[in-house]
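Read off the chains here:
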Amino acid sequence: MSTGEDLLREHGLRVTRPRLAVLEILTEGGHLEVEDIARRARGRLDSVSTQAVYDVLGALSRAGLARRIEPAGSPARFEARVGDNHHHIVCRGCGAIADVDCAVGERPCLAPGDLHGFEVDEAEVTFWGLCPDCQARRRAD
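Visitor: Just checking my understanding: could you explain the overall build of the chain for this structure?
Guide: Regarding its fold elements, the chain presents five helices and six strands. Shown N-terminal to C-terminal, the secondary structure of the chain runs as helices and strands in the order α-α-β-α-α-β-β-β-β-β-α. Counting over 141 residues, the chain shows a buried share of 33%. About 8,800 Å² of surface is accessible on the chain, with carbon and sulfur atoms providing 49% of the total. Each charge class in the chain was averaged separately, 18 positive and 23 negative side chains, and the resulting centres sit 5 Å apart.

In structure tokens form, the structure reads like this:
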């Protein structure tokens, strides 16, 4: 298994402490907001600015090591699960996000009726609903 340093080098990125810290945080899982990533990174490094975390996330995303998702009405989130064309389900109550494997076959999973000359290689689908905790709260109210 590749280390964080190996992954960065394999994707043409310089190895820096902030990049290693952010990559490690993302690989722990979840759909994390920048502020949460920055807070966790500060716990691992002497200091790191929020702007530096944005810069690292941009570099990791461009290199294919991170994925940025932007559910409507929510700040951008980042995850390390990349390259498999999975989708997301978002709770309308609390904003929790979970991964949903590709809905139909191989990527792009969906085919639009008119491609307008585009070559489609990915489809981004967001499912919306209520998570189990919010369903329970709704029933209790």
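Read on, since the account is not over.
Visitor: Whenever I open this one, the sheet that holds strand 1 (residues 32–33) confuses me. Can you help?
Guide: Note on sheets: strands pair through backbone hydrogen bonds, and any given pair is parallel or antiparallel. The three strands lie next to each other as 1-3-2, forming an open sheet whose pairing is antiparallel. The strands lining the two open edges of the sheet, one partner per strand, are strand 1 and strand 2 (67–69). Across two bridges, strand 1 lies against strand 3 (residues 77–79) in antiparallel orientation. When the bridges of strand 3 are listed, L32 appears paired with F78.

Visitor: How should the nonpolar core be read in this particular structure?
Guide: If you look at the biggest cluster of nonpolar residues, it comprises 24 residues, and the most contacted ones within it are V22, L26, I37, V53, L57 and L60. The contact partners of L60, leaving out residues within four places of it in the chain, are L8, L13, V22, L23, L26, L65 and A66.

Visitor: What is the right way to look at the environment of V125 in this model?
Guide: As for its position among the elements, V125 is in the loop between strand 5 (97–100) and strand 6 (126–129). For V125, a relative accessible area of 19% gives the class buried. Counting along the chain gives 40 residues from V125 to N85, while the straight-line C-alpha distance between them is 9.5 Å.

Visitor: Would you explain the pattern of salt bridges in this entry?
Guide: Within this structure, the stated rule accounts for 12 salt bridges. Residues R77 and E33 are paired through a salt bridge, measuring 3.4 Å at the closest nitrogen-oxygen approach. With a gap of 44 residues between them, R77 in strand 3 and E33 in strand 1 connect regions that are remote in the sequence. A single salt-bridge network, built from bridges that share partners, covers E24, E28, D36, R39, R40 and R44.

Visitor: I keep staring at a nonpolar patch on the surface and nothing clicks. Help me out?
Guide: Residues L115, F118 and V120 make up a contiguous nonpolar surface patch of roughly 280 Å² in combined accessible area. Of note, L115 is situated in the loop between strand 5 and strand 6.

Here is what the cut-offs are and how they apply
Residues numbered from 1 in each chain as written. Predicted model: local features only at pLDDT ≥ 70, side-chain atom pairs only at ≥ 80, totals over all residues. Heavy atoms only, no water. Helix = DSSP H or I, 4+ residues; strand = E, 2+ residues; numbered from the N terminus. Buried < 20%, exposed > 50% of the residue type's maximum accessible area, 1.4 Å probe, protein only. Areas by Shrake-Rupley, 256 points an atom, 1.4 Å probe, with all protein chains shown as cover. Lys, Arg positive; Asp, Glu negative; His and termini not counted. Charge placed at Lys NZ, Arg CZ, Asp CG, Glu CD. Pairing = 2+ DSSP bridges. Core = buried A, V, L, I, M, F, W, Y, C linked by side-chain atoms within 4.5 Å. Contact = heavy atoms within 4.5 Å. Salt bridge = Lys/Arg side-chain N within 4 Å of Asp/Glu carboxyl O. Patch = residues over 30% accessible without salt bridge, like charges linked within 9 Å, V, L, I, M, F, W, Y side chains within 5 Å.

Shape is all these values report; function is a separate question.
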